[in-house]
Amino acid sequence: MPTLTFNPKSVVELAVHVVPEFYPVTLLIRSDLDCQNELAINSSVIVNVNWPDAEGKTETLEATIVFRFEGSELKEWVAVTIPAENQALIHRVRYLCRHHTNEYGKLFGQLVNDVYYSH
């Protein structure tokens, strides 16, 4: 199973990576070039996350890829969804970002605009 790493430096950066169009909690993560051929929609991945409130502690979780920029210069970006069964983690992300919900989707919107206006 491919492994991705996500290291948001702040809760604002974490909020920027949240994709509100996908439910329950979806994060936009940049993948390594080495594993891009293994990343497909609906496939499972391992995500190593260093949460901004955990000070160097890495948490490993299993997630599902729900979106990927195919055939473009942005193909290293994938959207991974935290499974609905993992309610504790979903609540943690929402709690950390509670004061920054206006940042939700900004990275996703920027990447979509980059693809749209580059053609």
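Residues numbered from 1 in each chain as written. Predicted model: local features only at pLDDT ≥ 70, side-chain atom pairs only at ≥ 80, totals over all residues. Heavy atoms only, no water.

**Considering the pairing of strand S4 (residues 58-68)**
Link 1 in the chain: Sheet analysis places strand S3 (residues 44-50) next to S4, joined by seven bridges and oriented antiparallel. Following the sheet pairing, Val47 is matched in S4 by Leu61.
Link 2 in the chain: Pairing between S4 and strand S5 (residues 77-82): four bridges, direction antiparallel. Each bridged residue has a counterpart across the sheet, and for Ile65 the counterpart in S5 is Val80. (Pairing = 2+ DSSP bridges. Helix = DSSP H or I, 4+ residues; strand = E, 2+ residues; numbered from the N terminus.)

**Observations regarding the environment of Ala88**
Link 1 in the chain: By the secondary structure assignment, Ala88 is in helix H2 (residues 87-96).
Link 2 in the chain: A relative accessible area of 59% places Ala88 in the exposed class.
Link 3 in the chain: Remark: the alpha-carbon pair of Ala88 and Thr3, spanning 85 residues in sequence, is separated by 21 Å. (Buried < 20%, exposed > 50% of the residue type's maximum accessible area, 1.4 Å probe, protein only.)

**As for helix H3 (residues 106-117)**
Link 1 in the chain: Relative to the 16 Å expected for 12 residues at 1.5 Å per residue, H3 spans 16 Å between its end C-alpha atoms, a close match to the ideal helical length.
Link 2 in the chain: When H3 is considered as a whole, its buried residues turn out to be Leu107, Phe108, Leu111 and Val115. All buried residues of H3 fall inside an arc of 100° around its axis, so they share one side. Of the exposed residues in H3, the ones pointing more than 90 degrees away from its buried face are Tyr116 and Tyr117.
Link 3 in the chain: Those residues of H3 that are buried lie in contact with helix H1 (11-17), strand S2 (25-30), S4 and S5. (Expected span 1.5 Å × (residues − 1). Arc of directions from axis to C-beta. Contact = heavy atoms within 4.5 Å.)

**Comments concerning the sheet that holds S3**
Link 1 in the chain: Here we have five strands laid out as an open sheet, ordered S1-S3-S4-S5-S2, and mixed in their pairing. This sheet does not close on itself; its edge strands, each paired only once, are strand S1 (3-6) and S2. Going from strand to strand, the sheet's axes swing by 45° on average, the running direction of each strand aside.
Link 2 in the chain: Here S2 pairs with S5 via six bridges, running antiparallel. Paired with Leu27 across the bridge in S5 is Val80.
Link 3 in the chain: Relative to the sheet, H3 contacts S2, S4 and S5, its axis offset from that of S2 by approximately 55°. (Axes fitted to C-alpha atoms, helices over the stretch in contact; angles between N-to-C directions.)

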